[in-house]
Amino acid sequence: TCGSLISFKISARKTLLQSELFSGSFQHFTHSSQRHPKLIEMSSSKSYPSIPYKQLIDESETLDNTDKPGQLVLRDGVTFNGYSFGADKAMAGEVVFYTGMVGYPEALTDPSYRGQILVLTFPLVGNYGVPNKDDKDSLNLPAYFESYGVHITGLVISNYSRVHSHWNGFKSLGDWLKENDVPALYGVDTRALTKLIRMEGSLLGKIEFEKKTVEFSNPNERNLVAEVTVKETRIFGKGNNPKILAFDCGIKYNIIRHLVRDCKVQLSVVSFDYDLEKNPELIEYDGVFVSNGPGDPILCGATIQSLKWLMSKTPCVPIFGICLGNQLLALAAGASTYKMKFGNRGMNQPAIDMRTSQCYITPQNHGYAVDTKTLPDGWKTFFLNANDFSNEGIIHQTKPWMSVQFHPEASGGPMDTAFLFKEFIGAVRGDNHRLTLLEPHLFETKMVKKILLLGSGGLSIGQAGEFDYSGSQAIKALKEEGLEVVLINPNIATVQTSKNLGGASPDRTYFLPVKPDVAEEVIKKERPDGIMVSMGGQTALNVGVALHRSGVLEKYNVKVLGTPISSIIATEDREQFAQALNTIGEKMAQSYCAVSIEEGLIAAKKLGFPVLIRAAYALGGLGSGFADNEEEFVTTARKAFSSSNQIIIDQDLRGWKEVEYEVVRDDRDNCITVCNMENFDPLGVHTGDSIVIAPSQTLSNSEYFKLRETAIKVVKHLGIVGECNIQYALNPENEEYCIIEVNARLSRSSALASKATGYPLAYVAAKLALGKDLVSIRNSVTKSTTACFEPSLDYCVVKMPRWDLKKFSRVSTRLGSSMTSVGEVMAIGRNFEEAIQKAVRMVDSSSTGLCGEWSMDPTLSHDDQLKIPTDQRLFAVMASLEEGKSVEYIHNLSKIDKWFLAKLRCLVLMERALQAKPGLHSLDERQLKSLKCAGFSDMQIAKYTKSTELEVRAKRKKLSVFPFVKQIDTLAAEFPAATNYLYMTYNAVESDIVPEKQGIMVLGCGAYCIGSSVEFDWCAVSCVRQLRSVGYKAIVVNFNPETVSTDYDESDRLYFEELSFERVMDIYEWEESGGIVISVGGQIPQNIALPLHTAGANILGTHPDDIDRAEDRDKFSAMLDSIGVDQPEWSSLTSIEEALAFAERVEFPCLVRPSFVLSGAAMAVASTKKELTEFLKNAGEVANDKPVVISKFITNAKEIEFDGVSQEGNIVNYAISEHVENAGVHSGDATLLLPAQKVWVETIRRVKRVASAICRALNISGPFNIQLMARENEIKVIECNLRASRTFPFISKTLDANFISLATKVMLGMPVKPFRISLLDIDYVAVKAPMFSFTRLRGADPTLGVEMASTGEVACFGRDSYEAFLQAMRATNFNLPSKDKEILISFAEEKIRAEFLPWAHELINIGYKFCGTSGTAAYYQEHGIAVKVVNKPYGTTYGDNTFVEGAPMADEYLKNGLVDLVINIPEGTKREDEITSGYLMRRTTVDYGVGLITNVKCAALLVDSLRRQKDSVIRHRPPVCIEEYYGSSYKDAV
């Protein structure tokens, strides 16, 4: 009925299938004479060793696995070794695999598995235990099982959870299996076994133990149905109508529940061989149901005969069959069946309804299928498998007979097709047949040629690099369709704003603020057909809503692609959202909306304190917080109103589980969930600040699919098209849940889910926005299956946030509903312990692994450290476990699930067992492998055995303990993966791939943090694309899920792995790599350059010894002296006494600088002896035994940035940027101008000479960055980085010359040709401005210094520096001051007041008004400027602070919205440890969303810009894209 539409899709996908390299991956027909084939002969026998890791739960246990060894023996001698956790009994059967990630109690009691040894592909099993078999439902059936007992003959898994945790977990899986006399093995590489089954087909096998053996047995030769069918008729729902007779071929209890409880029928369950024609029991029936069951359908001759008789009757009796019932109905109709290669067993098989072309995700368990070609006349395919095109159902064209191969009743699995039961009962009742028609819009084509894509702007807390990833994928998808893409995004560091980086570059890029007025101007000029607002975070979404509401989109006939704006508004407006949920019978946490504090307070009292306050239309929980009383409510609500005109007051559900689903829907109503994730922390911590595990580990099948079903129902009801996520609160004591929110856009978790599953969400969402459907889009990893599927994982993913709270004085470390982390890592392992230990090291490269070493908060008691979430709580938990606190004790305080805590306790027990060893020499191969399986690093093992990392590595290699390489393939090895998305694990016995050999490794940047952000990802991607363009194989190593470099198709091989010496060397040696690029990933790769070189790795580019000379402050300073290059007077620290003596000699202030650090970590300016002593101590801790240098701090000097590429000591290309701020502000926090505007020609000459001398001295080959200061043409060097710096994207895009591509050629030893760059021809100026996130860092002092504080950056272009500066400031979300409000000025020092005086006059002249603190106001009043006096907030004040009676308090003035700009210049070098009035004023400024400037040079440039650039001129000048600036059309454009 769907005509050419489905035919086109199927033919297109079959072409893909036929061209697939791995033709053996699909299930072929088996000839009827081979229905029970013997195992295919293998070339040789092979024995796979066991994986020795065992979860320790007892203090007395050691590293030795004492569980009984066992073997899975396959027919021709292939064996898999493991350990027993079930019955001590040998059993034989057919070995099959099951790809479901939950539902083992349901699967093991499914009669369809009769006689089979079941291999579970998901590696962590037993997590939630087994329910009580005595718990009964309303039909007196076991409530949580699918039959009366366990039907498998054996179970094989990878990792067994000896401790289970769930509210209805009655006993452990192992105990249950022993009770049911079923053997089970763990410690098996189930992925290797699955791949073997995939290649060879279903295998005969047996589980054996010492002295317990058994002969092979083929269960398919037995009549398995006869073994599981009822022995006497059972009637359910007596008295109901209609009456259904069900043939029990192994009926699952959930089928009975559906028919009786949901469809209200009387169900007579009869034996499979019940003679329907004779009907000896005189059973009345209006319809017949044929159930699922095990084995070969041919052996059910009696059932087939009854069906034949039934179909010959007049009038027709409706028939419905499931699974085996589908095959039996086909055989009765005259068709044939065949044995599949390995069957379909799992929860994610896509089945297309041939009536509507809609695709459903179905659970399946069968090894036989209907041969569609043999269907007689009158019969048609009802459902079709979208992956292997096997038959998934048959239907008669005129008679009420139908059957499906899958399980609509699920359990386990999704219940998307449960409607088929109602269709069957409708046919039985004689209801009018509901006509099924295709929707007209399926044939509508979205006629778009040009698309406007809105980016997210500068990186900030809550909106980071994940949107570069999603935007880049969207551009890639759009360009594949031949569309013109126009991008607005001022984030110059991103990959998406690049040109000539493959075919995924926008046609035009506007480096302008992502604001409604800017977007309107771009629309007016470009006239796009469509706009995409879902790829740029909350910023783009809010702009899209504003454009819709203002009528701009309608005015210019711009279509919103993807989710309609009305749906977006419905998810963002809490009142509308609650109403929408209520319409479909779903609920959110009890909440109220308010538009005033008074209204909100009434709502809070209704709910009862504590309550959660959130701002509507906010990103990352901005402006949210918990309030325990009215006073806290008023304070938090005021902050929330500063970022939104509506607040939401929510019921406090802290302590509940938080669960999230990523959902994808197309406009054909196909809807899938791609990934589900569970937070380690209970509700109350923003999900961006929580450790997140994918897939969920402690949810049962019922919970998992109940939440999934709700997600799909909600997303369909809201009409979302593309990708979104839904967050839940789940009661840990039952299945009660409520919906927290739906984000109708790509989000941070979308990037995580994409990388965790291998499913490219943004790419698919972009295709769907164009009107494509999920079925026709291919799976980018397998290249042969459909994108309409739900990934099945055979590994565990741990996402861990990265905080930089220690960089800020007085910042609160407590975590809550507002996000504070600046980045995240993603670790992959085959068990939770392995993954979380990896994650800890990824977050902190100096960490050896997870232990109880941490910085205790002195303001919190020991119990509060566990009870109150902070950035250190994980380590507090470990410390408590190490102290002997019980899992129960910690759970009661933290509410962290006991399953996670038991896993952490295992690590503590292993740590103790290792410490009890006499030394490294006493570890044997199995013990060492067990430690590695639990994620222990070589350095960690060295720490506990009092040895070194290199000694452990040598021991490991001697004992042949190596990690194995595994693929992420989206389908748990069921289909071959065509891409190389990889991780390393010790929980395996073989690798999935073979080495690349001579590939070039590129080390990425790791987690985004302050100082290392998206700019280094741009560098890595530029390097990789250059490598591939000249014929090299590129191997990327990185662990940041937010990055483009970790996209599945950016490199030839992607290792989602640690950037540690150990792991990089593991990959280097395994891949037999030709070399490593360490200079494009920031400081982390740089720090391991020398160890890698010493170990024999080929480091490309500058020699590691020269890198060491530049990174080591002592060596570098000495080298500058030796070549006659000037620098501030310095001394290497040998003692605090010497440092104090040096400071006295050169006079304060002095600069303290540790070596080998990023973003000025622990760098500080000391003005007193006390400060110097404190700073030196801190720097020594951060430097980690590396040199610390002290130097004279030069004031009032201009800072200059020199970026370049050098080849063998000779500069090839360079760029000189100028800082607006004087030296003393970290270069990452400075405002940069390019080309430099106020640097003398002679200064530039001297800078070039200095740079050339340094390049020669260090023999640089590759990228480098030198920071210098200039005062009156006197040049001094600050530092040199022999790597790409954060300014490389800025200079490359400003000058239209990719410096990293050039540097890559240099590092490869290729001949290079310098870019021709003429500054005289550049008639525009670029301004790079920092992006700060002080609003999210509770308590942090928003001032700048030598240690970096910004979280991102933007850059804008203009005819002059003033135009570019204003645009850049707007792009950082800085609101330009209006003349309706006042500018508050407060300067600590007289010289600053004097310096700003001319600009204060300028502001008055152009119509602005001032208020100021008493001392500042008095100064300017004396100089003829009217300044209203406001009193400083109460605090330990500095400077003069005369209290003026009757004058308002500055903080109240700010809170009341009377000020929209504060210029507060504190003392430049003083670190304030006290709560000063200046601090309170700055903090209030950012808390209430008021613009803040703390640098006098920036304040002066702002005034100059405001004076020169009239608002009307800016608004009416057409926007200019970067391509126009590059080209000759620029002058016409302006």
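Here the residue index of a chain counts from 1 through its sequence in written order. Where local features are concerned, this predicted model is filtered to residues with pLDDT of at least 70; where side-chain atom pairs are given and counted, the filter is 80 or more; whole-chain, interface and lining totals use all residues. In computing side-chain values, all of the structure's heavy atoms are included and hydrogens and water are not.

1. Some remarks on the overall build of the protein chain
A helix here means a DSSP run of H or I that spans at least four residues, while a strand means a run of E at least two residues long, and both kinds are numbered starting from the N terminus. Broken down by element type, the protein chain carries 48 helices and 58 strands. Taken over C-alpha atoms, the radius of gyration comes to 34 Å for the protein chain, in line with the 36 Å a tight globule of 1534 residues would show. Summarising its shape, the C-alpha atoms of the protein chain cover approximately 115 × 75 × 60 Å along the three principal directions. Summary of the burial criterion: residues with accessible area below 20% of their type's maximum are buried, those above 50% are exposed, and those between are partly exposed, where the area comes from a 1.4 Å probe applied to protein chains only. Evaluated residue by residue, the protein chain yields a buried proportion of 68% over its 1534 residues. By the convention used here, residues are in contact when the closest approach between their heavy atoms is within 4.5 Å. Within the protein chain, contacts between residues at least 6 apart in sequence are counted, and of these 74% link residues at least 24 apart. Approximately 50900 Å² of the protein chain is accessible, and the part contributed by carbon and sulfur atoms is 49%. Charged residues are defined here as Lys and Arg on the positive side and Asp and Glu on the negative side; His and the ends of the chain fall outside this count. Lys charges are placed at NZ, Arg charges at CZ, Asp charges at CG and Glu charges at CD. Across the protein chain, 164 positive and 187 negative side-chain charges occur, with their mean positions spaced 3 Å apart. The globule rule is 2.2 Å times the number of residues to the power 0.38, and the radius of gyration it is compared with is taken over C-alpha atoms. Surface exposure here means Shrake-Rupley accessible area, sampled with a 1.4 Å probe, where a residue is shielded only by the protein chains that are shown.

2. Some points on the nonpolar core
The set of buried Ala, Val, Leu, Ile, Met, Phe, Trp, Tyr and Cys residues whose side-chain atoms join them within 4.5 Å is what this entry labels a nonpolar core. Counting 316 residues, the largest nonpolar core has Leu-108, Leu-155, Leu-173, Phe-832, Leu-904 and Leu-1092 as the members making the most contacts within it. Of the residues forming this core, the biggest block, eleven residues, is contributed by helix H25 (residues 898-915). Sequence-distant contacts of Leu-173, that is, excluding residues within four places in its chain, are made with Phe-85, Tyr-104, Leu-108, Val-125, Gly-126, Val-130, Leu-155 and Tyr-160. Counting residues in hydrophobic clusters, the runner-up holds 42 residues, among them Phe-1365, Leu-1366, Ala-1371 and Phe-1387.

3. Some points on the pairing of strand S44 (residues 1150-1154)
In the case of a regular strand, side chains alternate between the two sheet surfaces. With respect to burial, S44 is a largely interior element, five of its five residues being buried. Judged by which residues are buried, S44 turns out to be covered on both faces: Cys-1150, Val-1152 and Pro-1154 on one side and Leu-1151 and Arg-1153 on the other are all buried. Pairing between strands is defined by DSSP: at least two bridges between them are needed. Two elements, S44 and strand S45 (residues 1164-1166), share three bridges in a ladder whose sense is antiparallel. Across the sheet, residue Leu-1151 finds its bridge partner in S45, namely Val-1165.

4. As for the side chain of Glu-1062
The residue Glu-1062 is located in helix H30 (residues 1061-1071) in this model. At a separation of 2.8 Å, a polar atom in the side chain of Glu-1062 contacts the main-chain amide nitrogen of Asp-938. Sequence-distant contacts of Glu-1062, that is, excluding residues within four places in its chain, are made with Lys-932, Ser-937, Asp-938, Met-939, Glu-949, Arg-953, Arg-956 and Tyr-986. The term polar contact refers here to a pair of N or O atoms within 3.5 Å; inside protein, the definition further demands a hydrogen-donor-capable atom paired with an acceptor-capable atom, and it admits residues adjacent in sequence only when both atoms are side-chain atoms.

5. Details of the packing of aromatic side chains
Two numbers describe a pair of aromatic rings. These are the distance of the centres and the angle of the planes. Note on ring pairs: Phe, Tyr and Trp rings are taken, using the six-membered ring of Trp, and paired if centres are within 6.5 Å. Classes follow the plane angle, with under 30 degrees stacked, over 60 edge-to-face and the rest tilted. Within the structure shown, the criterion is met by 39 aromatic pairs. We call a charge positioned above a ring when the Lys NZ or Arg CZ atom is no farther than 6 Å from the ring centre and deviates by at most 35 degrees from the ring normal. Above the face of the Phe-216 ring, Lys-206 is positioned so that its terminal group lies 4.4 Å from the ring centre.

6. Re the pattern of salt bridges
Take a side-chain nitrogen of Lys or Arg and a carboxyl oxygen of Asp or Glu: if they are within 4 Å of each other, that pair is a salt bridge. All chains considered together, the criterion is met by 96 salt bridges. One salt bridge connects Lys-525 with Glu-1524, and the closest N-O pair in it is separated by 2.7 Å. In this pair, Lys-525 sits in helix H11 (residues 516-526) while Glu-1524 sits in helix H47 (residues 1522-1526), placing the two residues 999 residues apart along the sequence. Glu-1524 gets classed as buried once you look at its relative accessible area, which sits at 14%. Where Lys-932 meets Asp-938, a salt bridge forms, and the shortest distance between an N and an O atom there is 2.8 Å. Side by side, Lys-932 and Asp-938 carry an identical accessibility label, which is buried. Salt bridges sharing partners connect three or more residues here, namely Lys-838, Lys-932, Asp-938, Arg-953, Arg-956, Lys-957, Glu-1057, Glu-1062, Arg-1063, Asp-1066 and Glu-1069.

7. A few points about the state of the cysteines
Cysteine sulfur atoms that pair up within 2.5 Å are treated as a disulfide. According to the stated counting rule, one finds zero disulfides in the structure shown. The thiol of Cys-1498 is not disulfide-bonded; the next cysteine sulfur, from Cys-1356, is found 15 Å away.

8. Notes on the sheet that holds strand S40 (residues 1034-1038)
An order of S37-S38-S41-S40-S39-S42 is seen for the six strands of this open sheet, with the pairing classed as mixed. The open sheet is flanked by strand S37 (964-967) and strand S42 (1075-1077), the only strands paired with a single partner. Sheet twist, expressed as the mean angle between neighbouring strand axes with direction ignored, is 30°. Note: S40 against strand S41 (residues 1053-1056), four bridges, orientation parallel. By the bridge assignment for S41, Ile-1035 is matched with Arg-1053. Inter-axis angles, ranging from 0 to 180 degrees, are taken between N-to-C directions of lines fitted to C-alpha atoms, where helices are fitted over the stretch in contact.

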